[in-house]
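Inside the fold
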Amino acid sequence: MLPNRGTYVPTLAVRASEMRGLEFLPAVSKARMMPLFLLAPWFNSKTLDRTIERIERAYPRRLYFLDIDRDYIPKDAENSLAQAEWLELRDPSGHFEAWRSFCMKFPALIPCLQVAGQDQHDLRAQVEKCQENEREFCWRIELTRMPPNIQTVVDILIEIGTADFSIVIEGGWVEDPLTLYARTHGMLTGLLSDLDGRIPIVVSCTSMPKGFSHIVGVEDTPFSNHQLLDDLRRDTNRDNLLFGDWGSTRPREDSFGQAPFPRIDYATNDSWHFSRNRDGNWGYREAARAIIERPVWDGELGIWGEDMIRDTARTPDFAIDTPQKNIASRVNIHLHRQALYGDNIHGLDLDEDWID
């Protein structure tokens, strides 16, 4: 029996740092979210089923959305079965038959419609496949990849007339979430205005910085995702607007160059705090101590990410000593705070239920 969904929808690429940060969340915060995972092969796994296994190990016995990670670039599809399988899922033939068949294997998975190159008949077939299997579905609208058949998709959803699906308006990476207001407001009051008001619509984007080399000491970087959602709720007649983001990460992008200089990140409700000092030759221990000494440090959340930073300030040999561990810690704290945003997050019972 799968528990009810939460109202926070973080989009997560299936990378080691995101999965670790999610896995170590307490049940109370997992219960308040419903992640949207972006499918790509998991490391050197032989099949894409291993990716789903990793997702469901980090987020067990709960519903979640799944879409194809279009920012992932296969590097060796001729020799990697998982990469070849990923490419097959993008094949639009048979109403994306390969994608539909893959998704139906996993009961907790809510698939996203694949609309590229699909006509009205194709889209209706995808919807009917979900309905025949008593499965919900999701339509993820990427503002940076707007499909030419978007009106056709809307017409199909209006024709359905039920509320067994969700919509995610995805803005991707932006410098300031508030810059998405006009475009998102226009969609809600225009293109999507005739949809059933009960349909959940998630507004998502990320403004996680792309560079940190300028930071000397601790820098505070606010994000305005909540203000964007508040403005849209105020100015539209859509009551069922939900909060989404990227869990303090960004879409995949090619990375080159040397490993980043040691840095510790700390997430609060509406800001990220980055601690690094190359001029002062800070390691992870010094960066962690600088965060803990700031007024923004809480220290009483009782979660894994804060424990990692605290332990790093004491003895980094057993805590954060790589960029990946720093990201995992930040993701863990960010997800916990956003899932319980607006609540008193101190003194919670964070003990997990025993599962035999």
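Before going into details, it helps to say that this report is about the structure given with it. Owing to the predicted nature of the structure, the values given are computational and were not obtained by experimental measurement.

With that settled, consider the sheet that holds strand β11 (residues 271-277). Pairing between sheet strands relies on hydrogen bonds along the backbone, with the strands arranged either parallel or antiparallel. With respect to topology, 3 strands assemble into an open sheet ordered β8-β11-β10, the strand pairing being antiparallel. Each edge of the sheet is formed by a strand with only one pairing partner; in this case those strands are β8 (216-222) and β10 (264-267). With direction set aside, neighbouring strand axes in the sheet form an average angle of 15°. Judged from the 7 bridges that link them, β8 and β11 form a sheet pairing that is antiparallel. The partner of Gly217 across the bridge, within β11, is Arg276.

If you look at the biggest cluster of nonpolar residues, it comprises 66 residues, and the most contacted ones within it are Leu22, Phe37, Trp139, Ile167 and Leu192. Broken down by element, this core gets its largest block of residues, 6 residues, from helix α7 (residues 150-160). Excluding its chain neighbours within four sequence positions, the residues that come into contact with Leu22 are Leu12, Lys30, Met33, Phe37, Ala58, Tyr59 and Leu335.

This brings us to the sheet that holds strand β6 (residues 165-173). What the 8 strands build is an open sheet, ordered β4-β3-β2-β1-β9-β7-β6-β5; its pairing is parallel. What marks the edges here is a single partner per strand, and that holds for β4 (109-111) and β5 (137-142). Averaged over all pairs of adjacent strands, the angle between strand axes in this sheet comes to 25°, irrespective of strand direction. Across 3 bridges, the pairing between strand β3 (residues 64-68) and β4 is parallel. Within β4, the position partnered with Phe65 by the bridge is Ile110. The strands touched by α7 within the sheet are β5 and β6, with β5 carrying the most contacts at an inclination of about 155°. Here helix α8 (residues 181-191) sits on the sheet and contacts β5, β6, β7 (201-206) and β9 (241-245); the angle it forms with β6, its principal contact strand, is near 160°.

Using the criterion set out here, one finds 11 aromatic pairs in the structure. Judged by centre distance (4.8 Å) and plane angle (25°), the rings of Phe24 and Trp304 are stacked. Placement of Phe24 in the loop between α1 (16-23) and α2 (27-30) and of Trp304 in helix α11 (residues 304-314) is noted, with a sequence separation of 280 residues between them. Accessibility expressed as a relative area gives 36% for Phe24, which makes it partly exposed. For Trp304, a relative accessible area of 17% gives the class buried. A connected cluster of aromatic rings, assembled from ring pairs, spans Phe37, Tyr59 and Tyr64. If you follow Lys210 out to its NZ or CZ, it ends over the ring of Trp173, 4.2 Å from the centre.

What follows deals with unusual backbone geometry. One non-glycine residue, Glu134, lies in positive phi territory at about 55°. Secondary-structure assignment places Glu134 in the loop between α6 (120-132) and β5. The phi torsion at Ser248 lies on the positive side, around 80°, for a residue other than glycine. Along the polypeptide, Ser248 turns up in the loop between β9 and β10. Overall, the relative accessible area of 1% leaves Ser248 in the buried class.

Next up on the list: the environment of Pro26. With respect to the helices and strands, Pro26 occurs in the loop between α1 and α2. On the accessibility criterion, Pro26 (6% relative accessible area) is buried. It is 7.3 Å that separates the C-alpha atoms of Pro26 and Ile303, two residues lying 277 residues apart in sequence.

Along the chain, Thr236 falls in the loop between α9 (225-235) and β9. On the accessibility criterion, Thr236 (11% relative accessible area) is buried. Within the structure, Thr236 has its side chain in polar contact with the backbone oxygen of Leu232 (distance 2.8 Å). Setting aside its immediate chain neighbours within four residues, Thr236 contacts His185, Leu188, Thr189 and Leu241.

Before going further, it helps to spend a moment on the pairing of β3. Counting buried residues along β3, 5 of its 5 residues qualify, which places the element largely inside the surrounding structure. Neither face of β3 is open: one carries Tyr64, Leu66 and Ile68, the other Phe65 and Asp67, and all of them are buried. Sheet topology places strand β2 (residues 36-39) next to β3; 4 bridges connect them, and they run parallel. For Phe37, the partnering residue across the bridge sits in β3 and is Leu66. Crossover handedness for the path β2 to helix α3 (residues 49-58) to β3: right-handed.

Below, the discussion takes up the packing of α1 against helix α12 (residues 323-339). At their nearest, the axes of α1 and α12 sit 7 Å apart, and the two run at 45° to each other. Relative to α12, α1 is oriented oblique. Relative to α12, α1 is oriented so that their crossing is right-handed. Along its contact with α1, which presents Ser17, Glu18, Arg20, Gly21 and Leu22, the element α12 presents Gln324, Lys325, Ile327, Ala328, Val331, Asn332 and Leu335. By residue class, the composition of the contact of α1 with α12 is 5 nonpolar, 4 polar and 3 charged.

This next bit is on α11. Residues three or four positions apart in an α-helix share a direction because the helix packs 3.6 residues into each turn. Those residues of α11 not exposed but buried are Trp304, Gly305, Glu306, Met308, Ile309, Thr312 and Ala313. Among the structural elements, α1, β10, α10 (284-292) and α12 are those in contact with the buried residues of α11.

Rules and cut-offs
Residues numbered from 1 in each chain as written. Predicted model: local features only at pLDDT ≥ 70, side-chain atom pairs only at ≥ 80, totals over all residues. Heavy atoms only, no water. Pairing = 2+ DSSP bridges. Helix = DSSP H or I, 4+ residues; strand = E, 2+ residues; numbered from the N terminus. Axes fitted to C-alpha atoms, helices over the stretch in contact; angles between N-to-C directions. Core = buried A, V, L, I, M, F, W, Y, C linked by side-chain atoms within 4.5 Å. Buried < 20%, exposed > 50% of the residue type's maximum accessible area, 1.4 Å probe, protein only. Contact = heavy atoms within 4.5 Å. Phe/Tyr/Trp six-rings, centres within 6.5 Å; stacked < 30°, edge-to-face > 60°. Lys NZ or Arg CZ within 6 Å of the ring centre and 35° of its normal. Polar contact = N/O pair within 3.5 Å; in protein donor to acceptor, adjacent residues only side chain to side chain. Right-handed = clockwise from strand over helix to strand, strands pointing away. Parallel < 35°, antiparallel > 145°, perpendicular 65-115°, else oblique. Left-handed = near helix turned anticlockwise from the far one by under 90°. Nonpolar A, V, L, I, M, F, W, Y, C, P; charged D, E, K, R; others polar.

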